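Residue-level listing of the chains:
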Amino acid sequence: MIKLYGLGFSFNVSKVRYCLNHLGLKYEWVQTNPIAGENKAPEYLDVSPTGKIPAIDIDGFKLFESNAINRYLAVVNNSSLYPQDAKKRAVIDAWMDYASIHVGQAVGRVLFNRVFAPMTGQKSDQESVRVGLEFLDKYFPILEKQLSANPYLAGKEFSLADINLLAVLDPCELSQISIDQYPSINKWRAGLKAQPFYQKCYKDYTQFVQEMMNAKAGK
Ligand SMILES: N[C@@H](CCC(=O)N[C@@H](CS)C(=O)NCC(=O)O)C(=O)O
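Cut-offs and rules
- Residues numbered from 1 in each chain as written.
- Predicted model: local features only at pLDDT ≥ 70, side-chain atom pairs only at ≥ 80, totals over all residues.
- Heavy atoms only, no water.
- Core = buried A, V, L, I, M, F, W, Y, C linked by side-chain atoms within 4.5 Å.
- Buried < 20%, exposed > 50% of the residue type's maximum accessible area, 1.4 Å probe, protein only.
- Helix = DSSP H or I, 4+ residues; strand = E, 2+ residues; numbered from the N terminus.
- Domains from an automatic or database assignment.
- Contact = heavy atoms within 4.5 Å.
- Near = heavy atom within 4 Å.
- Polar contact = N/O pair within 3.5 Å; in protein donor to acceptor, adjacent residues only side chain to side chain.
- Areas by Shrake-Rupley, 256 points an atom, 1.4 Å probe, with all protein chains shown as cover.
- Nonpolar A, V, L, I, M, F, W, Y, C, P; charged D, E, K, R; others polar.

Visitor: Describe the nonpolar core, with residues and values.
Guide: Tyr 18, Leu 73, Val 103, Phe 140 and Leu 143 are the most contacted members of the largest nonpolar core, which has 68 residues in total. Looking at this core element by element, the count peaks at 13 residues for helix H4 (residues 86-119). When residues are assigned to domains, this core turns out to be shared by domain 1 (2-76) and domain 2 (86-215), each giving three or more. Filtering out sequence-adjacent residues up to four positions away, Phe 140 remains in contact with Val 103, Leu 169, Cys 172, Ile 177, Ser 178, Ile 179, Tyr 182 and Ile 185.

Set out below in structure tokens:
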């Protein structure tokens, strides 16, 4: 039995859900809400020592960090999402890292300060938003170039790198990060968002978070 700990708004959690769905794996969804401090509970820290979401528990094997989780799931299921070939893996790793470390952190800055800080009564840092957008202005053209030359982020095959970037870009509309000017990113993204592994999680991420925020505000 696979248990997945997290909350639907987190793009790091979405990464793992997309991977599980794509692999056709059933899982028990253990909603763990960091806004309510549930990630600091001792039982959760036993699963994820960093207190971050997501984490998984597969028959007692506990693992945190979304990319480590997805690699593990793909490897044990012998999936083409993360093929055996060392060079193919290395290229997938490179794009996974780029999506997480660079694009994801920049999107996260804007998302936090424009959406979650106001939502949770924390102070917004507009300088952090400016820096995040400045980084994205450098990163998006690199992704556009890669996706105009290849159907998928790491080349010809759909892989964990695509799952990673797809999830990282989910909050763009909600955070008013414009990617309209990048046709190849948009085409690639629209194609993947139409697929069952994505649709099983959300029809639309922005609508999902807005409904969550309205429910919290009692609207
Ligand atoms: N590198 C981690 C990042 C996880 C992460 O930052 N999770 C956020 C939600 S998106 C979280 O748990 N925040 C709560 C906290 O840090 O207390 C991963 O990829 O799993």
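Visitor: Quick rundown of the environment of Leu 165? Include the residues and the values.
Guide: Tracing the backbone shows Leu 165 in helix H6 (residues 160-169). Filtering out sequence-adjacent residues up to four positions away, Leu 165 remains in contact with Ala 99, Val 103, Leu 143, Leu 153 and Trp 188.

Visitor: So what's going on with the site of the ligand? Residues and values would help.
Guide: With respect to spatial proximity, the complete set of residues near the ligand consists of Ser 10, Asn 12, Pro 34, Asn 39, Lys 40, Lys 52, Ile 53, Pro 54, Glu 65 and Ser 66. Within the contact set of the ligand, an oxygen atom lies 2.8 Å away from a side-chain nitrogen or oxygen of Lys 52. Note that a nitrogen atom of the ligand is positioned 2.7 Å from one of the side-chain N or O atoms of Glu 65. Protein contacts shield 71% of the accessible area of the ligand, which totals 510 Å² for the unbound molecule. Its residues placed into classes, the shell around the ligand shows three nonpolar, four polar and three charged.

Visitor: Describe in detail unusual backbone geometry, supporting the description with residues and values.
Guide: The omega torsion of the bond from Ile 53 to Pro 54 falls at 5°, within 30 degrees of zero and hence cis. Tracing the backbone through its elements, the reader meets Pro 54 in the loop between helix H2 (42-47) and strand S3 (55-58). The phi torsion at Asn 78 lies on the positive side, around 50°, for a residue other than glycine. Relative to the helices and strands, Asn 78 is located in the loop between helix H3 (66-76) and H4. By relative accessible area, which is 60% here, Asn 78 ends up exposed.

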